[in-house]
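Here are the chains, one letter per residue:
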Amino acid sequence: SMIIRAHECVMDGFERFANGRLITVFSATDYCGHHKNAGALLFVRRDLTIVPKLIYPVERTMNTWDPMIMQQRPPTPPRQVPRRLGEDEKGQIDGSEW
């Protein structure tokens, strides 16, 4: 009744979709040294409730990423905030569902 997936950058570390039945979790903070995203861990309790714990990025004084890696394969950009189908840039909805 629920899917938890990983390995997709979301800015707040985790994100719920489909009325909470699909959760994306991403534990890498400040992905590739320039996204400034939070990371998260999900704790699943015995009663199957999920408790997220956020991990915030720290300010770095030096870049630890190898620039050759960045040239060979650009980083995956973080997922943007989802919009409902039919929603325009001003948040107006034409009556469509998510």
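Since the model is a prediction, treat every value here as computed from it, not as a measurement. (Residues numbered from 1 in each chain as written. Predicted model: local features only at pLDDT ≥ 70, side-chain atom pairs only at ≥ 80, totals over all residues. Heavy atoms only, no water.)

Undergrad: What is the right way to look at the overall build of the chain in this model?
TA: When helices and strands are tallied, the chain shows 1 helix and 5 strands. Helices (α) and strands (β) of the chain occur, in sequence order from the N terminus, as β-β-β-β-β-α. Taken over 98 residues, the chain has a buried fraction of 21%. Within the chain, contacts between residues at least 6 apart in sequence are counted, and of these 36% link residues at least 24 apart. As displayed, the chain offers around 7,800 Å² of accessible surface, 54% of which is attributable to carbon and sulfur atoms. (Helix = DSSP H or I, 4+ residues; strand = E, 2+ residues; numbered from the N terminus. Buried < 20%, exposed > 50% of the residue type's maximum accessible area, 1.4 Å probe, protein only. Contact = heavy atoms within 4.5 Å. Areas by Shrake-Rupley, 256 points an atom, 1.4 Å probe, with all protein chains shown as cover.)

Undergrad: In this structure, what is going on with unusual backbone geometry? I would like to understand it.
TA: Glycine aside, a negative phi is what most residues show, and trans is what most peptide bonds show. Here Asp30, not a glycine, exhibits a phi torsion of approximately 45 degrees, which is positive. Here Asp30 shows up in the loop between strand S3 (22–25) and strand S4 (39–44). Given a relative accessible area of 4%, Asp30 falls into the buried group.

Undergrad: So what exactly am I meant to see when it comes to the packing of aromatic side chains here?
TA: Geometry of an aromatic ring pair is reported as the spacing of the ring centres plus the angle between the planes. Across all of its chains, the model carries 1 aromatic pair by this definition. Ring centres 5.2 Å apart and planes at 85 degrees place the aromatic pair Phe26 and Tyr31 in the edge-to-face group. For Tyr31, a relative accessible area of 17% gives the class buried. (Phe/Tyr/Trp six-rings, centres within 6.5 Å; stacked < 30°, edge-to-face > 60°.)

Undergrad: Would you mind going over the pattern of salt bridges with me for this structure?
TA: If the charged atoms of two oppositely charged side chains come close together, the side chains can form a pair. Here the structure, examined in full by the defined rule, presents 2 salt bridges. As a salt-bridge pair, Lys36 and Asp30 come within 3.9 Å of each other at their nearest N and O atoms. (Salt bridge = Lys/Arg side-chain N within 4 Å of Asp/Glu carboxyl O.)

Undergrad: In this structure, what is going on with the confidence of the model for the chain? I would like to understand it.
TA: Where the model shows low pLDDT, its predicted coordinates should not be examined in detail. On average, residues of the chain score 78 in pLDDT, and 64% of them are at 70 or above. Contacts for the low-pLDDT stretch residues 91–98, under 50 throughout, to residues beyond four places or in other chains number 15 contacts. (pLDDT = per-residue confidence, 0-100.)

Undergrad: Got a minute to help me understand the side chain of Asp30 in this structure?
TA: A polar contact of 2.9 Å, which involves the side chain of Asp30, links it to the backbone nitrogen of Lys36. Excluding anything up to four places from it in sequence, Asp30 contacts His35, Lys36, Asn37, Pro57 and Arg60. (Polar contact = N/O pair within 3.5 Å; in protein donor to acceptor, adjacent residues only side chain to side chain.)

Undergrad: Would you explain the pairing of strand S2 (residues 14–17) in this entry?
TA: Regular strands place their side chains on alternate faces of the sheet. Pairing between S2 and S3: 4 bridges, direction antiparallel. From the neighbouring strand, Phe14 faces S3, where its bridge partner is Val25. Remark: 4 residues form the turn of the hairpin made by S2 and S3, two consecutive strands paired antiparallel; Ala18 in that turn has positive phi of roughly 50 degrees. (Pairing = 2+ DSSP bridges.)

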